[in-house]
Amino acid sequence: MAMTLYFPIRQGNPMAPCSRCPSPAVFFQRASGRHYCEAHLREDVERRVKRALGGAGLRPGERVAVGLSGGKDSASTLFLLRRLRPRLDLVAVTVDEGIAGYRSETLKAAETLTERLGVAHRVVRFAEAFGTTTDGAVAGGDTHPCSACGVLRRTLLNRAAREAGAARLATGHNLDDEAQTVLMNLFRGDSERVQRQNFPADLPGALPRLKPLRRVPEREVALYALLNGLPVSFAECPHSGRSFRGEVRNLLNDLETRHPGTKYAVVRGFEGLLARLRPSEGAPAVACRVCGEASARGVCEACQLLESEPPRVSPT
Ligand code: SF4
């Protein structure tokens, strides 16, 4: 199988069999020191996802929206929910931020996957919802479009999922994403956002979140998607190089290379800290005065962006 072309076994013994059976290994998991064949890597990923879903209290027939970008993480999330929880009523939601040459490609992958899985698919666009696009913001002089783009995408995804009748919103955040978010909030000294990370369901109108891949590293998600033949786009957003997240990603990857298991440790340590907080210590629950969406303050972050002077996002 061609997977080793994408994921060469650089560490460990390249000739080693799977740690669980005599089959040839396709992946070396540095954090555990185990080699995995295709079947056992799939099994190991699914074991961690089942564990994440186990405590979520999902009910048969419950409608769950899945934020589907068309990339490997969200595609794997939708595939795994369909495979491991076939009685859920799934609906996929894709947000088109208006990024030429990027979103159009990932949209095609999202459409192919939803057709293959027989899942309803809804596409919502910045241009229609906010009268702006991320490319428009860049053309208007925003040299760091990610903060505005991320806020507007979260808002629109939540709104579209709620309008689709979903009781929850599943996202493709993997272990790398979670570790990056913890460090980004700490590096920014944003204690309010750190607290909110644990209590998003306290906010009015905010759907409870489900992150089935939160304990699966990005490389393993990518390999899982390839091993299962999922139609995914590996296109990168042309603006991603400008982000603070990109810098934190590089830092964490460097630490992980020299100290395997760092990403798990960051997330585990953070969850341990938050578990000591009482829910009442979370951010206060209010509805945005402008749009009624979830907000930790009087006006949500999306409306603050759209109404700021000078505007943080430019019209299309
Ligand atoms: Fe938006 Fe930045 Fe992500 Fe591109 S990399 S989609 S600009 S948040």
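As a reminder, the structure under discussion sits directly above these lines.
I will try to describe carefully the structure that is included in this document. (Residues numbered from 1 in each chain as written. Predicted model: local features only at pLDDT ≥ 70, side-chain atom pairs only at ≥ 80, totals over all residues. Heavy atoms only, no water.)

### Section: the pattern of salt bridges
A side chain with one charge may pair with a side chain of the opposite charge, provided their charged atoms come close.
Here is step 1: Tallied over the full model, the rule gives 19 salt bridges.
Here is step 2: One salt bridge connects Arg-168 with Glu-62, and the closest N-O pair in it is separated by 2.5 Å. With Arg-168 in strand β6 (residues 168-170) and Glu-62 in the loop between α2 (38-54) and β3 (63-67), the pair connects residues that are 106 residues apart, well separated along the chain.
Here is step 3: Taking relative accessible area as the criterion, Arg-168 reaches 12% and is therefore assigned buried.
Here is step 4: The exposure class of Glu-62 is buried, given its relative accessible area of 5%.
Here is step 5: The shortest N-O distance in the salt bridge between Arg-122 and Glu-163 comes to 3.4 Å. In this pair, Arg-122 sits in strand β5 (residues 120-125) while Glu-163 sits in helix α7 (residues 146-163), placing the two residues 41 residues apart along the sequence.
Here is step 6: Looking at Glu-163, the relative accessible area reads 53%, which means it is exposed. (Salt bridge = Lys/Arg side-chain N within 4 Å of Asp/Glu carboxyl O. Helix = DSSP H or I, 4+ residues; strand = E, 2+ residues; numbered from the N terminus. Buried < 20%, exposed > 50% of the residue type's maximum accessible area, 1.4 Å probe, protein only.)

### Quick word on helix α12 (residues 262-275)
Here is step 1: Here α12 is 14 residues long and its end C-alpha atoms lie 20 Å apart, about the 20 Å a rise of 1.5 Å per residue gives.
Here is step 2: Within α12 the residues assigned to the buried category are Thr-262, Lys-263, Val-266, Val-267, Phe-270 and Leu-274. An end-on view of α12 places all buried positions within 135 degrees of arc, on one side of the element. The exposed residues of α12 that point more than 90 degrees off its buried face are Arg-268 and Ala-275. (Expected span 1.5 Å × (residues − 1). Arc of directions from axis to C-beta.)

### Thoughts on a nonpolar patch on the surface
Here is step 1: On the surface, Leu-186, Phe-187, Phe-244 and Leu-251 cluster together into a nonpolar patch covering about 370 Å² of accessible area.
Here is step 2: The residue Leu-186 is located in helix α8 (residues 175-187) in this model.
Here is step 3: By relative accessible area, Leu-186 is classed as exposed at 52%. (Patch = residues over 30% accessible without salt bridge, like charges linked within 9 Å, V, L, I, M, F, W, Y side chains within 5 Å. Areas by Shrake-Rupley, 256 points an atom, 1.4 Å probe, with all protein chains shown as cover.)

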